[in-house]
Amino acid sequence: LERLCEMVADLNPQARERFAQGAMEGGWLQGLLDTFHQCEDLEDLEGLHCVFRVVRGLVMLNDTTLLDALFGEAVVMDVIGCLEYDPDEPERQRHREFLRDHC
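If you're wondering where the values come from, they're calculated on a predicted model, not measured in any experiment.

What counts and what doesn't
Residues numbered from 1 in each chain as written. Predicted model: local features only at pLDDT ≥ 70, side-chain atom pairs only at ≥ 80, totals over all residues. Heavy atoms only, no water. Axes fitted to C-alpha atoms, helices over the stretch in contact; angles between N-to-C directions. Helix = DSSP H or I, 4+ residues; strand = E, 2+ residues; numbered from the N terminus. Parallel < 35°, antiparallel > 145°, perpendicular 65-115°, else oblique. Left-handed = near helix turned anticlockwise from the far one by under 90°. Contact = heavy atoms within 4.5 Å. Nonpolar A, V, L, I, M, F, W, Y, C, P; charged D, E, K, R; others polar. Core = buried A, V, L, I, M, F, W, Y, C linked by side-chain atoms within 4.5 Å. Buried < 20%, exposed > 50% of the residue type's maximum accessible area, 1.4 Å probe, protein only.

Student: Lay out the packing of helix H3 (residues 28–42) against helix H4 (residues 45–60) in plain terms, naming residues and giving numbers.
Tutor: One way to put it is that H3 packs onto H4 with a least axis distance of 9 Å and a crossing angle of 150 degrees. When the axes of H3 and H4 are compared, the pair comes out roughly antiparallel. Here H3 runs over H4; the crossing is left-handed. Facing Trp-28, Leu-32, Thr-35, Phe-36, Cys-39 and Glu-40 of H3, the residues of H4 in contact are Gly-47, Leu-48, Val-51, Val-54, Val-55 and Leu-58. Among the residues making up the contact of H3 with H4, the classes are represented as nine nonpolar, two polar and one charged.

So this is what it looks like as structure tokens:
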């Protein structure tokens, strides 16, 4: 997981498109979301911070197909959950709770 964080952070412009395409293949996104759930169940804050960085990196790739997959109805709340664990914030943000209660 840590290696994946580093890889997403260090992508050059040519590699971004290939990485975005690869993220759509072979259930990779679902595997990342499964890892998120495992980290959340185990309260593995380091792992959750890493998943946050990966998901943020995927969003920042700004690939339309990838964004459609990330924010599709089936997984959007899981993706939003990944974004609750920003390591630069002193405590977890509760985006899912806000969306459930106010939207």
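Student: Explain the nonpolar core to me, using residue names and the numbers behind them.
Tutor: The biggest cluster of nonpolar side chains holds 28 residues, and the ones touching the most others in it are Phe-19, Val-54, Val-55, Leu-58, Leu-61 and Leu-66. Secondary structure elements with two or more residues in this core: helix H1 (2–9), helix H2 (13–23), H3, H4, helix H5 (64–70) and helix H6 (76–82). Residue contributions to this core peak at seven residues, all from H4. In contact with Phe-19, other than residues within four places in its own chain, are Leu-4, Met-7, Val-8, Leu-11, Trp-28, Leu-58 and Leu-61.

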